[in-house]
Every structure is written in structure tokens, then in C-alpha cells.
2 protein chains.
Amino acid sequence: MADSDPSQMGERRRGSGVKMVYDLLRDEIMNLELAPGSAVDEVQLASRFGMSRTPIREALVRLAAEGLIETLPNRSTMVSNIDFLNLPAYFDALVLMYRVTTRLAAQHHRGVDLGIIRAQQAEFSKAVQAQDALAMIATNAAFHSAIAAAGRNSYYSAFFERLLNDGRRMLRLYYQSYDDRLPPRFVEEHEEIIAAIEARDVAAADRLGKVHGEQIVEQIGRLLTRHEGIDIEL
Amino acid sequence: MADSDPSQMGERRRGSGVKMVYDLLRDEIMNLELAPGSAVDEVQLASRFGMSRTPIREALVRLAAEGLIETLPNRSTMVSNIDFLNLPAYFDALVLMYRVTTRLAAQHHRGVDLGIIRAQQAEFSKAVQAQDALAMIATNAAFHSAIAAAGRNSYYSAFFERLLNDGRRMLRLYYQSYDDRLPPRFVEEHEEIIAAIEARDVAAADRLGKVHGEQIVEQIGRLLTRHEGIDIEL
DNA sequence: TCCTGATCTCTTGTCGACAAGAAAAATACA
DNA sequence: TGTATTTTTCTTGTCGACAAGAGATCAGGA
């Protein structure tokens, strides 16, 4: 909330400014520190970061390309609202990508991948024990991102990553209202997923990915909407 | 190829410049009028479009966000190369999205959708008869985009659209070297797909989407790489 | 000839200033 | 008091200029 961050005010390397602004705003938006619908002012950001509007603008253009902010021509820029109308569609896509990425990881993972996945799972487990909702959401996403990376399909990875990021805001909203408790079952399910991947058991990976995804959908979606559930054989 | 387009040089509405540059460059890149690897110069574009570098830059940032151009820091900007290494991954994703979008269209399409889809199919058929490869690629993509839109899942639509756009460059390359002939079978398959959607036959839509996707993969992929083929039940 | 270092050139990255567009505020008028 | 119209204000969109980085070129020495 400080007007400016002194540690960032010194000499900056040319080109680093946009990335810094982009990363920071992205985090603030996804963690709901910047509320959906709240205004994003270029000059304000410029003075906050001690730079001109040009690099700020570039960061905003990138955020807009990802759908995280919206611009009203000539008028204003604001943080995108969370689209609850499309929630069933979102859940369909999410569950399918859970399945596909887990399945591909079982097929294509190599030596280093399991170590990375296990490290993310350790982080996730730690966050669950600490009841830290923000960390749970972030580490859960990182865990599944690592699995997607092991699947060696950059198209799926990119799409999945985007879905997870979109979901972070909704999940945050959910956990905010339910007091940060999350069933330890998720931790166990993660372990089962890891085992299936390690055993290269594609069918099990697929099934576990589906169950795990639907688990989360159940938790969040039941209250908000009737979920249809696509039933597709891969 | 003209240095500048006089019809576009008059008074422009504020904000329309970026869109125009973005759309045009996007088209030129996807139609291979701008070769992969070729340089993209900001000042050159600025003089070509009769505007300053700022709006050009914004358009380029957006193209970069979509992966259509790549930026070497402080040095240069160029049209992205086509990634032939990831072709199997690309085909997997493409076939899956063919299936998913066709299937969802069979489930969720409404009155207006079929008309739009049929219109696109008519365009496609016309392009095939005219042996116009560029038009075939574009109208085929539009046909499947229309189907995806009828499926009412914006996450899938956006992802699929992106895959189709990525594919346009590869397809163009392919047809360039094979003298623009394309089996009329594709037209028939499109008809079958429309019929399945209209009949709300989800299983048939799924199967036809898969077959149709694999058909295209076969045509293009066989020469370039061994295709693995994901076999997943939806 | 080949390596090393300085200089040059070319493109991008950043800046401050100004203009345009749209909403909000203020004013005029019945 | 209510409404139409003008003015103000606030934010974004665009511009031209300058600086920095990184390769390319060139000069000098072995």
C-alpha cells in the first residue's frame, strides 16, 4: 500500500520495468489485492513505480491481452470482473485439462520431472498444514503446472496454466468465505496422482485427474451453479 | 507491397491505428506474406502507416503476447518461426479440440448457430472448388470456429481459435508445396459433421470430429513426423 | 593472417508534453 | 424546479526526441 517501494527506485536495467510492473500487477490482481472492477490509473502507477507512462502502458497492454484488465476507450482501465456466468464452461475445461495433463505426464515424464512434482507437492502440503489459503491456491496450481510440464505438450500447458490462473481469483473468493479450511484429502489425492504418473499408469492417471478435478468443482461449483459435467473418452 | 496505403492515410479515429496495424500484421504473418524469421522494424512500420512508433509498438506487444512475433531485447523484432519440433503435441491438441468443440456444438447449439455454420461451410466449399488454398485454410478455420462458438464454451473457443491460427501458417506451407489440391472429402466430412450436430448426436459428433482432425493430421503430419495419437475417452 | 579492443550504427526502450474523447460539473433558461 | 447546453476535468492516445544496449565495423598489434 506504500506510495512507492524504495528498494525498487534505484537504477533499473533498461527493459526490466515493464516486466516488474506486469508481474506485480498480475499478482495483485490474481490475489484479489486489486479488486475486480477497481480502476487502474496509468499516471498513478507511473508515479508509484517512478517511471513514465510508456512502460506502464506496455505492461497494461499485456495484461489486457490476457484478459486480466479491461479498457474503456478514451475513458478508463479497470480490473476485469470474474465471470460467474461461464463457470460451468470453465469447470468443463478445467477437468478435461486435469485429465489430459495428468495422463500425458504418465506417458512422457522423464527423470527430472518427478523430483520437481514432488517438490511442489511438498510445498502444497506445507501450505495446507499452515492453513494458508493464498499459498494453497498458488502451490496447488504450481503442482499441476509441473505435471503439465512433464506431459511435454506446450499447447496444453499454456492453456492449462491460463485456466489455473483464471481460477485463482475464484478460488481465493471461495476460501475467503469459508475460512481457509481445505480437506487434507487433496493432499492424498496428489500423492495418488504422483504414484500413477511414476508407474506410467495412463488409465489411472486419467481417472485420478478427473476425480481430482471434479472434487474441486464440487467444492466450489455446487453452491454457485448446476454443473453439467462432460463425459468424454480420451 | 506499396510503401503506404493512401486510403488509410487520412484522418484516423483516435485508437483505431493500433487495431489496424495489429489486424494487418496478423494477417500478413499468418498468410506467410511476412516470412517466419523476417525482421519487423518499428520505424519502418511507423512510416508505412503514417503514424508514430507508439501505436505500432502497442500492436507489436499484442502480437508478441500471442507468440506471433519474438523480441530480442534492445536488438530486434522478428516474425516467430514455426515450431516443427512440437508438431506431434500440436496435432494432439488440435484433434482433441476438434472432438470437444464438435461434441459440445451437438449438445448446446441453438437456432441461429446452424445457419452460421452452414454459411461458413458454403464459403469453404466455394474455396475448395476454386482451388484457392489461402481461402480454404481461412474458411476451414472459420467453419470450425463457428462450431466452437455453437458449443458455448469460451475457454475452448479461445484455445481452439489459437490452435487454428497457429496451424494456418503450417497449412499454408503445406499447400504451397502440394499445389493447392485438397480432397473434396473434407467438404463431405463437414457435411456429416453438420448433420450430427443438427441431430444432437453427441457420440457421432465426437467420432466425426476425431476422424476429421486425424484426417488433416495424416495429410500433413505423416511426412514430417511420426504421430503418436492420444486415445482418450471423453 | 588472426586476435583484441575501441568505435560506429542501428534498433529498441523511455521520457515529457500535448491533444482528443468522454463523463461529470456547472450554467443558462423556461 | 427541471432540463438542455456549455464548460471543466480527468484519463487515455499519440507524438517527437533522446538515451542505452548489442552487434557490426574497423583499427592496431602480434
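Residues numbered from 1 in each chain as written. Chains lettered and ligands numbered in written order. Predicted model: local features only at pLDDT ≥ 70, side-chain atom pairs only at ≥ 80, totals over all residues. Heavy atoms only, no water.

(A) View of the nonpolar core. In terms of nonpolar packing, the biggest core is built from 76 residues, with Leu-96 of chain A together with Leu-96 of chain B touching the most fellow members. For Leu-96 of chain A, the contacting residues outside a window of four places in its chain are Ile-232 and Leu-234 of chain A together with Leu-96, Val-100, Tyr-156 and Leu-234 of chain B. (Core = buried A, V, L, I, M, F, W, Y, C linked by side-chain atoms within 4.5 Å. Buried < 20%, exposed > 50% of the residue type's maximum accessible area, 1.4 Å probe, protein only. Contact = heavy atoms within 4.5 Å.)

(B) Spatial organisation of the packing of helix H6 (residues 133-150) of chain A against helix H8 (residues 185-198) of chain A. Residues and elements named next belong to chain A. Packing of H6 against H8 leaves a shortest axis separation of 12 Å and a crossing angle of 10°. With respect to each other, H6 and H8 are oriented roughly parallel. Contact residues: H6 offers Asn-140, Phe-143, His-144 and Ile-147, while H8 offers His-190, Ile-193, Ile-194 and Ile-197. For the contact of H6 with H8, the per-class residue count stands at five nonpolar, three polar and no charged. (Axes fitted to C-alpha atoms, helices over the stretch in contact; angles between N-to-C directions. Helix = DSSP H or I, 4+ residues; strand = E, 2+ residues; numbered from the N terminus. Parallel < 35°, antiparallel > 145°, perpendicular 65-115°, else oblique. Nonpolar A, V, L, I, M, F, W, Y, C, P; charged D, E, K, R; others polar.)

(C) Quick look at the relation of the copies chain A and chain B. Expressed as a screw transformation, the operator carrying chain A onto chain B has a rotation angle of 180° and an axial translation of 0.0 Å, and the superposed copies differ by an RMSD of 0.0 Å. Expressed as an axis order, the relation between the two copies is that of a two-fold axis. Closest approach to the rotation axis within chain A is made by the C-alpha atom of Glu-233 of chain A, at a distance of 0.6 Å. Interface overlap between copies is the fraction of interface residues in one copy that are interface residues in the other; for chain A against chain B it reaches 100%, indicating a shared surface. (Least-squares fit on C-alpha atoms with pLDDT ≥ 70 in both.)

(D) Seen up close, the protein's contact with DNA strand C. The environment of DNA strand C is made up of 20 residues, and the closest members are Arg-14, Gly-15 and Ser-52 of chain A together with Arg-53 and Arg-57 of chain B. Within 4 Å of the protein, the contacting atoms of DNA strand C are drawn from sugar and phosphate to the extent of 61%. Within the backbone of Ser-52 of chain A, one N or O atom sits 2.7 Å away from a phosphate oxygen of DNA strand C. Between Arg-75 of chain B and DNA strand C, the recorded distance is 3.5 Å, taken from a side-chain N or O atom to a base oxygen. Only helix H3 (53-65) of chain A together with helix H2 (42-49), helix H3 (53-65) and strand S2 (76-79) of chain B provide two or more residues apiece to the surface near DNA strand C. A breakdown of the residues in the surface near DNA strand C according to their chemical character gives four nonpolar, seven polar and nine charged. (Near = heavy atom within 4 Å. Polar contact = N/O pair within 3.5 Å; in protein donor to acceptor, adjacent residues only side chain to side chain.)

(E) Here's a closer look at the protein's contact with DNA strand D. Lining the immediate environment of DNA strand D, one finds 20 residues, of which Arg-53 and Arg-57 of chain A together with Arg-14, Gly-15 and Ser-52 of chain B sit closest. Taken together, the sugar and phosphate atoms account for 61% of what DNA strand D places within 4 Å of the protein. Between Glu-42 of chain A and DNA strand D, the recorded distance is 3.2 Å, taken from a backbone N or O atom to a phosphate oxygen. In the environment of DNA strand D, a phosphate oxygen lies 3.4 Å from a nitrogen or oxygen atom belonging to the side chain of Thr-77 of chain A. Tallying contributions element by element places H3 of chain B first for the surface near DNA strand D, with three residues.

(F) Inspection of the packing of aromatic side chains at higher detail. The full count for this structure, using the stated rule, is seven aromatic pairs over all chains. Centre to centre, the rings of Tyr-155 of chain A and Tyr-90 of chain B are 5.3 Å apart; their planes meet at 65°, and the pair counts as edge-to-face. Note that Tyr-155 of chain A is positioned in helix H7 (residues 154-177) and Tyr-90 of chain B in helix H4 (residues 87-108), a pairing that runs across two chains. Just above the ring of Tyr-22 of chain A sits the side chain of Arg-62 of chain A; from NZ or CZ to the centre is 4.5 Å. (Phe/Tyr/Trp six-rings, centres within 6.5 Å; stacked < 30°, edge-to-face > 60°. Lys NZ or Arg CZ within 6 Å of the ring centre and 35° of its normal.)

(G) Expanded view of helix H6 (residues 133-150) of chain B. Residue and element names in this part refer to chain B. Taking 1.5 Å of rise per residue, 18 residues should cover 26 Å, and H6 covers 26 Å from first to last C-alpha, within 8% of that figure. Along H6, 13 of the 18 residues are buried, which leaves the element largely enclosed by surrounding structure. Measuring from the backbone nitrogen of Leu-134 back to the side-chain oxygen at the start of H6 gives 3.2 Å, which picks out Asp-132 as the cap. Two residues or fewer after H6 comes Arg-152, characterised by a positive phi angle close to 60°. (Expected span 1.5 Å × (residues − 1).)

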